[in-house]
Amino acid sequence: MEMTFAEKILANYANEKETIPGQIVTVQPAHLLTHDNTAAIIQKVDEELNKYGVYSKNLSIIVLDHVIPAASEKTAINHKKIREFVAKHDIKHFYDVGEGVCHQVVVEKGLALPGKLLLGSDSHTCSYGAVGSFSSGIDRTEAASLMLTGQTWLKVPQSIKVHIKGSLSKGVYAKDVILHIIGDISASGATYCSVEYHGEVEQFSVDDRFTIANMGVEMGAKNSVFFVDDITKQYLKSIGVNESAYSPVIPDLGASYMQTLDYDLNNVVPMVACPHTVDNVKPADQLEDIEIHQCLIGTCTNGRLSDLEIAASILKGKKIHKNVRLLIIPASKQIFQEAMQKGIIQVLVDSGGMVLPPGCGPCLGAHQGVLSPGERCLSTANRNFKGRMGSKDAEIYLASPATVAATALNQTITDPREVIE
Ligand code: SF4
């Protein structure tokens, strides 16, 4: 039987010849990601952990990234408990504060590989589809049980084929593509589906694919995936992973899909998701009277080197508007270092930007730039729910790094095509 990517990879992991949508399979994922929520997760199975220990010290990837450095006594205690857990159980893949946002770290360290199944107690675990993994978020109780048993169950999802054609115009980026798609199919348009990207995708770098896969969950997807090609192979080689280390999974030609969606990139323009849902999408040039107080470039969606590079190309030699605060958060220490070496950080700081440590920053509204009532933030993040970044009377708009940089110059939402030379 011809199978989709999800059907095939879940069959592999379930030791079945084939699977069909709706089937429940028991799987042993290659890795389980947890972050600052690890303390809350291990608490659920404290007694069992003391008695039996973890299933495997290689299974868990733990990254401290959400509130780093600790912003309160409570978060400091949480971090301490996690470090103690890591030492006690000899957890192999632990990344302490300052290493970066968990999803970036997982990919950068070569832990997400083509053909692998990864689960995580964070909804944006779907990001690793950028390199051909099946990856998905699960809840904390499931994560706790996985730590103990090494296995869990999954329902095989239906699949949606997204067929891309055409090419991006100047000033239009991967973020605009995914906002365009989510605006079209809605925040629930792919609920519990596996979304596969086909067609003219070779124009997307791994950074671009990361942005698109990362936002899969914003349309309800279980996972979101690009298939391995020369771009993926080159990227993996650049981080020290040879082809012999992975076995890509690609869907069969005759696989059947719940839906096929066609998008012509020639029709995509700079887009902005308006408050308070990600699918409330409008072209940037229709929002030019909206005043912004805080601009944020970073997060697991758009904090990579190419994102900072695009922002720097717009801000070079210019000053941001005096009424705007511009926050820059490299997605990892490695990206921060590369951006410093290339002079990108210098340009961003010269323009008036403020650099925060590699991590989630104010994305989840816990620290480092929360919003007051009545304030508006234009962010490169992936969520704009009410109260997500502080006050529930603040507003969050989402856009590409180029749109955020252009807006930081003018204070009102700006289509980056107006400032790109
Ligand atoms: Fe979640 Fe934001 Fe951190 Fe990404 S950057 S993992 S969306 S809190």
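This write-up is about the structure you can find in this document. (Residues numbered from 1 in each chain as written. Predicted model: local features only at pLDDT ≥ 70, side-chain atom pairs only at ≥ 80, totals over all residues. Heavy atoms only, no water.)

With respect to the site of the ligand
Now for step 1: Looking at the ligand, the residues that line it are H66, V101, H103, D122, H124, T299, C300, C360, C363, L364, N382 and R388.
Now for step 2: Its residues placed into classes, the shell around the ligand shows five nonpolar, five polar and two charged. (Near = heavy atom within 4 Å. Nonpolar A, V, L, I, M, F, W, Y, C, P; charged D, E, K, R; others polar.)

Here's the deal with the sheet that holds strand 10 (residues 223-226)
Now for step 1: Across the sheet, four strands lie side by side as 10-9-8-11; this open sheet has parallel pairing. A single partner strand is all that each edge strand has here, and the edge strands are strand 10 and strand 11 (259-264). Averaged over all pairs of adjacent strands, the angle between strand axes in this sheet comes to 20 degrees, irrespective of strand direction.
Now for step 2: By the bridge criterion, seven bridges tie strand 8 (residues 158-165) to strand 9 (residues 193-199) in an arrangement that is parallel. Looking at the pairing, I160 lines up with V195 of strand 9. (Pairing = 2+ DSSP bridges. Helix = DSSP H or I, 4+ residues; strand = E, 2+ residues; numbered from the N terminus. Axes fitted to C-alpha atoms, helices over the stretch in contact; angles between N-to-C directions.)

Points about unusual backbone geometry
Now for step 1: Residue P69 is bonded to the preceding I68 through a cis peptide linkage, with omega at -15 degrees.
Now for step 2: Mapped onto the elements of the fold, P69 is located in the loop between strand 3 (60-63) and helix 4 (73-89).
Now for step 3: Omega for the bond connecting P275 with H276 falls within 30 degrees of zero, at -5 degrees, which places this linkage in the cis form.
Now for step 4: Here H276 shows up in the loop between strand 12 (271-273) and strand 13 (281-283).
Now for step 5: Its identity as a non-glycine residue notwithstanding, D90 has a phi of 55 degrees, on the positive side.
Now for step 6: The exposure class of D90 is partly exposed, given its relative accessible area of 44%.
Now for step 7: Unusually for a residue other than glycine, Q368 sits at a positive phi of about 55 degrees.
Now for step 8: Relative to the assigned elements, Q368 resides in the loop between strand 16 (353-355) and strand 17 (376-379).
Now for step 9: The partly exposed category is assigned to Q368, whose relative accessible area is 24%. (Buried < 20%, exposed > 50% of the residue type's maximum accessible area, 1.4 Å probe, protein only.)

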